[in-house]
2 protein chains.
Amino acid sequence: MKPEHVTNEVYRFFTEVGIINQLISTKLEAFLPGRMTATQFGILGHLVRRPEGETPLQLSNAFQVPKTSMTHMLSSLESHALITLEANPNDKRSKIARSTPRGAEFLQACMDRMSTALGPVMSELGPEPFHETLPNLTLIREALDSERD
Amino acid sequence: MKPEHVTNEVYRFFTEVGIINQLISTKLEAFLPGRMTATQFGILGHLVRRPEGETPLQLSNAFQVPKTSMTHMLSSLESHALITLEANPNDKRSKIARSTPRGAEFLQACMDRMSTALGPVMSELGPEPFHETLPNLTLIREALDSERD
DNA sequence: CTCCAATAGTGCGATATCGTACTAATTTAA
DNA sequence: TTAAATTAGTACGATATCGCACTATTGGAG
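Residues numbered from 1 in each chain as written. Chains lettered and ligands numbered in written order. Predicted model: local features only at pLDDT ≥ 70, side-chain atom pairs only at ≥ 80, totals over all residues. Heavy atoms only, no water.

With that settled, consider the protein's contact with DNA strand D. Lining the immediate surroundings of DNA strand D are 20 residues, of which T68 of chain A together with P56, K67, R93 and K95 of chain B lie closest. Looking at DNA strand D alone, sugar and phosphate atoms form 65% of those within 4 Å of the protein. At 3.4 Å, a side-chain N or O of H72 of chain A approaches a phosphate oxygen of DNA strand D. Between DNA strand D and S94 of chain B, the relevant distance is 3.0 Å, taken from a phosphate oxygen to a side-chain nitrogen or oxygen of the residue. Of all the secondary-structure elements, those providing two or more residues to the surface near DNA strand D are α4 (67–79) of chain A together with α3 (56–63) and α4 (67–79) of chain B. Top element by residues in the surface near DNA strand D is α4 of chain A. It accounts for 4 residues. Here the surface near DNA strand D is composed, by residue class, of 4 nonpolar, 8 polar and 8 charged. (Near = heavy atom within 4 Å. Polar contact = N/O pair within 3.5 Å; in protein donor to acceptor, adjacent residues only side chain to side chain. Helix = DSSP H or I, 4+ residues; strand = E, 2+ residues; numbered from the N terminus. Nonpolar A, V, L, I, M, F, W, Y, C, P; charged D, E, K, R; others polar.)

Put into structure tokens, the structure is as follows:
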């Protein structure tokens, strides 16, 4: 084993992840209104798939952003009427964020436009690189996630 | 073929990439002084590996951030004496960013601390997930990169 | 029950990001 | 050789991000 070589590969892995994230966020954000963020869009998708809703804290854990940032993002989404923020009946300190029908519609419309925009790249690459990579990415994400203090 | 299934997998791919990026940036930024960013750190690494230096525009292309953001990041790095910004002899509109010895030292020190911090995760995962994934990530990054207008 | 430590969310202030519009230099074309 | 179009970088302003400190609430130990 060459530990230096391994470290280098890990470093390049994270670099590629960073650049891909940057590329795809920029592309997505071009379709989003105003200064709406790729992360905000991700949150909306998360909520659409969970009709029972989630608390801000659950969301900030899921997306690994500080609580303070989540407050800001959620109020932005709320101001666009894409989600609602209600009091949590089980805990008066807490809230529940839920997507609205308008939010679900909006998500679908953006996803469609994004699919169209990615069409050329997708047909060039085919589904394999994504399919092959996904399990390892999940593995790495889970390991990093469980390691954090 | 199920196009819906494929789209879903691509979506999850980008979601995982986003979260991994978030996790690793947060972890790295905990080791960096002040509000220094993971991207800024990436730029420094890029320059250390290229002693001839690069122009701000080359860097903003490589890291896919707007020119304006690059200006800010470079002046921040310069204020920490980790890089220098000189006039470009070939083009008076342009500049050349180069890493300083101090920058290279700093990079090494942070990388070392980062390796230590990642030790447990790395030995849990082993090098394979990174090694297996890297070629596909590069492929996807290049395809996305060449598609942009 | 009474305290006290832990927890959910937010206000505030500092800094980062990035779109727009600009200047200066370079290239192109006539 | 000019004049127009393009290009590199930045100033500025609007907004996003996030650390710190705070309040309200909860849960647990005595």
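With that out of the way, let us pick up the packing of aromatic side chains. Under the counting rule described, the total for this entry stands at 6 aromatic pairs over all chains. Taking the centre distance of 6.0 Å and the plane angle of 65° together, the rings of F130 of chain A and F14 of chain B count as edge-to-face. Here the residue F130 of chain A occupies a position in helix α6 (residues 128–147), and F14 of chain B occupies one in helix α1 (residues 3–29), the pair thus bridging two chains. Among the residues examined, F130 of chain A registers a relative accessible area of 1% and is labelled buried. (Phe/Tyr/Trp six-rings, centres within 6.5 Å; stacked < 30°, edge-to-face > 60°. Buried < 20%, exposed > 50% of the residue type's maximum accessible area, 1.4 Å probe, protein only.)

Now for the protein's contact with DNA strand C. In the vicinity of DNA strand C there are 20 residues, among which P56, K67, R93 and K95 of chain A together with T68 of chain B approach most closely. Take R93 of chain A: an N or O atom from its side chain is 2.4 Å from a base oxygen of DNA strand C. K92 of chain B is positioned such that a nitrogen or oxygen atom in its backbone is 2.9 Å from a phosphate oxygen of DNA strand C. Sorting elements by how many residues they give to the surface near DNA strand C places α4 of chain B first, with 4 residues.

Residues and elements named next belong to chain A. As a packed pair, helix α2 (residues 38–48) and α4 sit with axes 10 Å apart at the nearest point and diverge in direction by 70°. With respect to their mutual orientation, α2 and α4 come out roughly perpendicular. Contacts from T39, Q40 and I43 of α2 reach α4 at M70, M73, L74, S76 and L77. When its residues are assigned to classes, the contact of α2 with α4 shows 5 nonpolar, 3 polar and no charged. (Axes fitted to C-alpha atoms, helices over the stretch in contact; angles between N-to-C directions. Parallel < 35°, antiparallel > 145°, perpendicular 65-115°, else oblique. Contact = heavy atoms within 4.5 Å.)

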